[in-house]
Amino acid sequence: MADCGHGSNDVRVVDVATGAVTQTLPLPGCYGGVAIAPDGRHAYVGGNPRGSSPTEGPTQGDQGDVIHIFTIDPSTAQGTEQAPLDPRPKRAAAAAA
């Protein structure tokens, strides 16, 4: 699940059997939606720019307008953040940098 809005922004991995949070992955900012790939090995979260709230660890894609990509280990159900994807056309991305 994505925890976005007031306070810290992050992705939380939840054990659906117990409801316990098993992992928290910090984000600079997020929209709130999560998409899981059909094979269950990747999760995608839309990213906002870093806000004024502190994060619970280092973050990537702090400028926002990115898609955060997490690889999911099927044996542990834990996520690892990969380099975020900037979906804007190359020209727009270069002008924003």
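What you see is a predicted model; the values in this text were computed from it and never measured. (Residues numbered from 1 in each chain as written. Predicted model: local features only at pLDDT ≥ 70, side-chain atom pairs only at ≥ 80, totals over all residues. Heavy atoms only, no water.)

Here's the deal with a nonpolar patch on the surface
Then, number 1: Taken together, the side chains of Met 1, Val 14 and Val 21 present a nonpolar region at the surface, about 250 Å² in accessible area.
Then, number 2: Relative to the assigned elements, Met 1 resides in the segment before strand E1 (2-3).
Then, number 3: The exposure class assigned to Met 1 is exposed, which follows from its relative accessible area of 53%. (Patch = residues over 30% accessible without salt bridge, like charges linked within 9 Å, V, L, I, M, F, W, Y side chains within 5 Å. Areas by Shrake-Rupley, 256 points an atom, 1.4 Å probe, with all protein chains shown as cover. Salt bridge = Lys/Arg side-chain N within 4 Å of Asp/Glu carboxyl O. Helix = DSSP H or I, 4+ residues; strand = E, 2+ residues; numbered from the N terminus. Buried < 20%, exposed > 50% of the residue type's maximum accessible area, 1.4 Å probe, protein only.)

Structural notes on the nonpolar core
Then, number 1: Ranked by size, the top nonpolar core spans ten residues in total: Ala 2, Val 11, Val 13, Leu 25, Leu 27, Cys 30, Ala 43, Val 45, Phe 70 and Ile 72.
Then, number 2: Elements with a minimum of two residues in this core: strand E2 (9-14), strand E3 (21-27), strand E5 (42-47) and strand E6 (66-73).
Then, number 3: Once residues within four sequence positions are removed from consideration, Phe 70 is found in contact with Val 11, Leu 25, Leu 27, Arg 41, His 42, Ala 43, Val 45, Thr 80 and Glu 81. (Core = buried A, V, L, I, M, F, W, Y, C linked by side-chain atoms within 4.5 Å. Contact = heavy atoms within 4.5 Å.)

A word on the pairing of E6
Then, number 1: When E5 meets E6, the two strands line up antiparallel, connected through six bridges. Considered in E6, the bridge of Gly 46 is made with Ile 67.
Then, number 2: Where E6 and strand E7 (residues 78-81) come together, four bridges link them in antiparallel fashion. The residue of E7 that forms the bridge with Asp 73 is Gln 78.
Then, number 3: Between E6 and E7, which pair antiparallel and follow one another directly, the connecting turn spans four residues, one of which, Ala 77, has a positive phi of 60°. (Pairing = 2+ DSSP bridges.)

Observations regarding the sheet that holds E5
Then, number 1: Taking strand neighbours across the sheet as the criterion, the four strands line up as E4-E5-E6-E7 in an open arrangement whose pairing is antiparallel. In the strand order of this sheet, the two ends are held by strand E4 (30-36) and E7, each with one partner. Between one strand axis and the next, the sheet turns through 30° on average, direction left out of account. (Axes fitted to C-alpha atoms, helices over the stretch in contact; angles between N-to-C directions.)

Topic: the sheet that holds E2
Strand-to-strand pairing in sheets goes through backbone hydrogen bonds, with the strands running parallel or antiparallel.
Then, number 1: Taken together, three strands build an open sheet; the order of strands is E1-E2-E3 and the sheet is antiparallel. Strands at the two margins of the open sheet, each flanked by one partner only, are E1 and E3.

Thoughts on unusual backbone geometry
Then, number 1: Of note, the phi angle at Asp 65 is positive, near 55°, even though the residue is not glycine.
Then, number 2: Inspection of the secondary structure assignment puts Asp 65 in the loop between E5 and E6.
Then, number 3: For Ala 77, which is not glycine, the phi dihedral falls at a positive 60°.
Then, number 4: Structurally, the position occupied by Ala 77 is in the loop between E6 and E7.
Then, number 5: A relative accessible area of 42% places Ala 77 in the partly exposed class.

Looking at the pattern of salt bridges
Then, number 1: Inspection of every chain in the model, using the stated rule, returns four salt bridges.
Then, number 2: Ionic pairing is found between Asp 62 and Arg 50, a salt bridge with its closest N-O pair at 3.1 Å. Remark: Arg 50 occurs in the loop between E5 and E6 and Asp 62 occurs in the loop between E5 and E6; sequence separation between them is twelve residues.
Then, number 3: Given the relative accessible area of 29%, Asp 62 is considered partly exposed.

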